[in-house]
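Read off the chains here:
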Amino acid sequence: MSFLHGKKALILGVANERSIAWAIAKKFKSQGASLAMTYLNDALKKRVVPLAREADADFVCEMDVTRDDHFDSLKKTVEQKWGHFDILVHSLAFADREDLKGSFTQTSRKGFLLAMDISAYSLVGLCQHLHPLMNEEASVIAMTYHGSTKVVKNYDVMGVAKAALETSMMYLADDLGPKGIRVNCISAGPIKTLAASGIGGFRRILETVEERSPLRRNISADDVSSTALFLASYDLSKNITGQTLYVDSGFSTLGI
Ligand code: 0WD
């Protein structure tokens, strides 16, 4: 059975073949969806275009979420190529490396706003521009992390941005629910990707999950893609919205 047959999925956040967004793209493709992907800039275009070709994407375009004009051009492109679409995946985040070193008190205004802008406001901007093109039964999925609700060493300003992302997700779910659009987050356990390499002591975080999580193992990008499929599919999750689903081997449930 293919759960996404005839559905159109726009996926933001593929940087390379290790990206969570790439695992999601492959999973959606295998379930019958048509894809479109965006890349951040020319440097990443070289990596993303071949992946988009491999996934037989309908189109690929540039999208830097700090640029207002890119929101307008993305909307225009989606409208021209597809008209309407069904699934939006937000799998992007950014903070200055300097702000991910364990001294949160030293966060600059500039660093704080940058992390918020790219990692949280972007979801609001995307929904604002694209919701008129979303079909009823559409699903919006954003990626988050446990550092939003608990202190995780070195996650710092990104934890604050993820808290804003998760709360934005709930307000968007309430706003867009009457149109039939669902909005949810997946809170993934640590996975070694390009973005993760910017977080100090990331290897130790992976070791801790393996040692202490209830399931005593780390998760993979493919695990996240299966949950993304569940949330993308109207048949599987039609009454789930405004939620953060944890795919973390149970780690977030631990106290001492
Ligand atoms: O352990 C992990 N890897 C986890 C990641 C655990 C839990 C959550 N996440 C989240 C991340 O915070 C992010 O929201 O999953 C999402 C995807 O992250 P990823 O797959 O781990 O990382 P990566 O492959 O690096 O993709 C993120 C991409 C950027 O890559 P780089 O590394 O070049 O910053 O986000 C994109 C970019 O492609 N991105 C932007 N896209 C549009 N406009 C921008 C921007 N301004 N900045 C970064």
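**Digging into the overall build of the protein**
Consideration 1: The helix and strand tally for the protein stands at eight helices and seven strands.
Consideration 2: Its C-alpha atoms give the protein a radius of gyration of 17 Å, within 12% of the compact-globule value 18 Å for 256 residues.
Consideration 3: In terms of principal-axis extent, the alpha carbons of the protein reach across some 50 × 40 × 35 Å.
Consideration 4: Residue pairs in contact within the protein that sit at least 24 positions apart in sequence constitute 74% of those at least 6 positions apart.
Consideration 5: Just so you have it, the protein exposes about 12400 Å², and 50% of that area is on carbon and sulfur atoms.
Consideration 6: Where the 30 positive side-chain charges of the protein centre and where its 29 negative ones centre are 4 Å apart.

**Section: the side chain of serine 91**
Consideration 1: Tracing the chain through its elements places serine 91 in the loop between strand S4 (85-90) and helix H4 (109-130).
Consideration 2: Look at serine 91 and you get buried, because its relative accessible area is 12%.
Consideration 3: Those residues in contact with serine 91 that lie beyond four places of it in its chain are Leu12, Gly13, Ile20, Ala21 and Met143.

**Digging into the nonpolar core**
Consideration 1: In this structure, Ile11, Phe28, Leu35 and Met37 are the most contacted members of the largest nonpolar core, which totals 37 residues.
Consideration 2: Among the elements of the structure, strand S1 (8-12), helix H1 (20-30), strand S2 (34-39), helix H2 (42-54), S4, strand S5 (134-144), strand S6 (182-188) and helix H7 (221-232) are those that each provide at least two residues to this core.
Consideration 3: The biggest single contributor to this core is H1, with seven residues.
Consideration 4: Among residues more than four places away in sequence, those in contact with methionine 37 are Ile11, Val14, Trp22, Ala25, Val48, Leu51, Ala52, Phe59, Val60 and Cys61.
Consideration 5: Leu10, Trp82, Leu92 and Leu123 belong to the second largest nonpolar core, which has 33 residues in total.

**Notes on the site of the ligand**
Consideration 1: Taken together, 28 residues form the shell around the ligand, and within it Ser19, Ile20, Lys162, Ile191 and Thr193 come nearest.
Consideration 2: Taking serine 19, its side chain carries an N or O atom lying 2.6 Å from an oxygen atom of the ligand.
Consideration 3: One of the backbone N or O atoms of valine 65 is found 2.9 Å from a nitrogen atom in the ligand.
Consideration 4: Within the complex, 92% of the 860 Å² of free accessible area of the ligand lies under protein.

**Looking at unusual backbone geometry**
Consideration 1: A positive phi is found at aspartate 56, a non-glycine position, where the angle reads about 55°.
Consideration 2: Within the secondary structure layout, aspartate 56 lies in the loop between H2 and strand S3 (59-62).

**Some points on the sheet that holds S6**
Consideration 1: Strand order in the open sheet formed by seven strands is S3-S2-S1-S4-S5-S6-S7, and the pairing between neighbours is parallel. Every other strand in the sheet has two partners, leaving S3 and strand S7 (244-247) as the edge strands with one partner each. The sheet shows a mean angle of 20° between the axes of neighbouring strands, direction not considered.
Consideration 2: When S4 meets S5, the two strands line up parallel, connected through five bridges.

What counts, and where the lines are drawn
- Residues numbered from 1 in each chain as written.
- Predicted model: local features only at pLDDT ≥ 70, side-chain atom pairs only at ≥ 80, totals over all residues.
- Heavy atoms only, no water.
- Helix = DSSP H or I, 4+ residues; strand = E, 2+ residues; numbered from the N terminus.
- Rg over C-alpha atoms; globule rule 2.2 N^0.38 Å.
- Contact = heavy atoms within 4.5 Å.
- Areas by Shrake-Rupley, 256 points an atom, 1.4 Å probe, with all protein chains shown as cover.
- Lys, Arg positive; Asp, Glu negative; His and termini not counted.
- Charge placed at Lys NZ, Arg CZ, Asp CG, Glu CD.
- Buried < 20%, exposed > 50% of the residue type's maximum accessible area, 1.4 Å probe, protein only.
- Core = buried A, V, L, I, M, F, W, Y, C linked by side-chain atoms within 4.5 Å.
- Near = heavy atom within 4 Å.
- Polar contact = N/O pair within 3.5 Å; in protein donor to acceptor, adjacent residues only side chain to side chain.
- Pairing = 2+ DSSP bridges.
- Axes fitted to C-alpha atoms, helices over the stretch in contact; angles between N-to-C directions.

Taken by themselves, the reported measurements are silent on function.
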